[in-house]
Amino acid sequence: MLNSAAASTIRLALKERFDEDFTIDPALDGLSGLAKIAGHRSHRRFAPQPVDAALLRLLCACALSAPSKSDLQQCDIVVVNDTAIRQGIVATIPDMPWITDAPAFLVFVGNGQRLPALSRLHEKPFPNDHLDQFFNAAVDGAIVMSAFMCAAAAVGLGFCPISAIRDQPQVVSELLHLPNRVFPIAGLCVGWPAQAGEITPRLSLQTTVVEDTYGTRDLAHEIDTYDRRRAALRPYRRQRNVEQWGTAQLYGWSEDKARQYAEPTRTGFGEFIRGKGFCLD
Ligand SMILES: Cc1cc2nc3c(=O)[nH]c(=O)nc-3n(C[C@H](O)[C@H](O)[C@H](O)COP(=O)(O)O)c2cc1C
């Protein structure tokens, strides 16, 4: 992509995403890479052609080149090739056919097993069994997954992360034979996009980029402005749980999220993680 075309793509994407005008120096290096990041959209429809195994491995290598907390390297990637295993995972998530349809499916896992194993191997104490162990592995996993998505986008692949694999983490753990202290973070559907997809508007940068300190905020006003902008650009196709909450006149992002989180979800996840051997104190 020519730099001037990339600059224009970025400007348009960020205007749609944040309703903010950016001035972009066309002489900047790497604008075509930035254009892919700014134009991100999750893909849930894929062309039938497979993703070459060698390409997947290359993307895994790029992803695992990401920085890692204290060089601890606490993320692994499970490439799910076995159809029966994938179907077992899908069976725990009834309403996401894109997991079955995606040419490739990966699971990013946090690995808190290796570090205490190193201590045992070297006959050292391990007086660090607390929440930070779980948190570090989860953060490393998220960073690797993010790097994987950037790498996939760079070669034109589409993807959709799947946290729903944590709806029944025990089942997923058994299907993948995850050892003690290894836990699923998210799945990732990967394939060649079948359609362009759409940009999802995000909260304004006035809300999410903080200069120095948090001051007094008019959160209700900021959210209302975002709800209206988003509803004008990308209205929700259906309202959640109309039986309980009725039909809202303005069904914005905040109403949708409030309805979503009015239901208990993944309440057993802490128990699962403790059962995997982590101390969460
Ligand atoms: C950690 C994580 C978990 C997600 N889990 C799911 C999921 O289970 N199913 C799904 O269809 N999309 C999932 N998504 C995709 C989000 O729904 C999507 O990123 C969000 O709606 C914004 O849309 P965009 O990615 O197109 O900008 C997930 C995204 C992230 C980052």
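Residues numbered from 1 in each chain as written. Predicted model: local features only at pLDDT ≥ 70, side-chain atom pairs only at ≥ 80, totals over all residues. Heavy atoms only, no water.

**Structural notes on the environment of Phe-134**
With respect to the helices and strands, the residue Phe-134 is situated in helix H7 (residues 131–154). Under the relative-accessibility criterion, Phe-134 is labelled buried at 16%. Setting aside anything within four residues of it in sequence, one finds Phe-134 in contact with Phe-183, Phe-269, Ile-273, Phe-278 and Leu-280. (Helix = DSSP H or I, 4+ residues; strand = E, 2+ residues; numbered from the N terminus. Buried < 20%, exposed > 50% of the residue type's maximum accessible area, 1.4 Å probe, protein only. Contact = heavy atoms within 4.5 Å.)

**A few points about the pairing of strand E3 (residues 158–162)**
In the case of a regular strand, side chains alternate between the two sheet surfaces. Burial analysis of E3 places four of its five residues in the buried class, which makes it a mostly covered element. In this structure, E3 lies alongside strand E4 (residues 182–191), joined through five bridges in antiparallel fashion. Across the sheet, residue Gly-158 finds its bridge partner in E4, namely Gly-191. (Pairing = 2+ DSSP bridges.)

**Examining the packing of aromatic side chains**
The relation between two aromatic rings is expressed through the spacing of the ring centres and the mutual angle of the planes. Taken as a whole, this structure holds seven aromatic pairs when the rule is applied. With centroids separated by 5.5 Å and ring planes inclined at 70°, the aromatic side chains of Phe-134 and Phe-278 adopt a geometry described as edge-to-face. Here Phe-278 lies in the segment after helix H13 (269–275) and Phe-134 lies in helix H7, a separation of 144 residues in the sequence. Grouped by ring-pair contacts, the aromatic residues Phe-134, Phe-183 and Phe-278 constitute a single cluster. Here Arg-44 stacks its cationic end above the ring of Trp-98, 5.5 Å away from the centre of that ring. Residue placement shows Arg-181 over the ring face of Phe-278; its charged tip is 4.9 Å from the ring centre. (Phe/Tyr/Trp six-rings, centres within 6.5 Å; stacked < 30°, edge-to-face > 60°. Lys NZ or Arg CZ within 6 Å of the ring centre and 35° of its normal.)

**Details of the side chain of Ser-204**
Topologically, Ser-204 is positioned in the loop between E4 and helix H9 (205–208). For Ser-204, the side chain forms a polar contact with the main-chain nitrogen of Gln-206, separated by 2.9 Å. Every residue in contact with Ser-204, bar those within four places of it in the chain, is listed here: Phe-18 and Arg-229. (Polar contact = N/O pair within 3.5 Å; in protein donor to acceptor, adjacent residues only side chain to side chain.)

**A word on the sheet that holds strand E2 (residues 104–111)**
Spatially, the four strands line up as an open sheet ordered E1-E2-E4-E3, and their pairing is antiparallel. The open sheet is flanked by strand E1 (75–79) and E3, the only strands paired with a single partner. When strand polarity is set aside, the average angle formed by the axes of neighbouring strands in this sheet is 25°. (Axes fitted to C-alpha atoms, helices over the stretch in contact; angles between N-to-C directions.)

**Some points on the pattern of salt bridges**
Applying the stated criterion across every chain, the model contains twelve salt bridges. Between Arg-234 and Glu-16 there is a salt bridge, with the nearest N and O atoms lying 2.5 Å from each other. Of this pair, Arg-234 sits in the loop between helix H10 (219–233) and helix H11 (242–245) while Glu-16 is found in helix H1 (residues 3–18), placing the two residues 218 residues apart along the sequence. Under the relative-accessibility criterion, Glu-16 is labelled partly exposed at 27%. (Salt bridge = Lys/Arg side-chain N within 4 Å of Asp/Glu carboxyl O.)

**A look at the environment of Ala-53**
Take Ala-53: it is sitting in helix H3 (residues 53–63). Taking relative accessible area as the criterion, Ala-53 reaches 57% and is therefore assigned exposed. Ala-53 sits 26 residues away from Val-79 along the chain, and the two C-alpha atoms are 9.6 Å apart.

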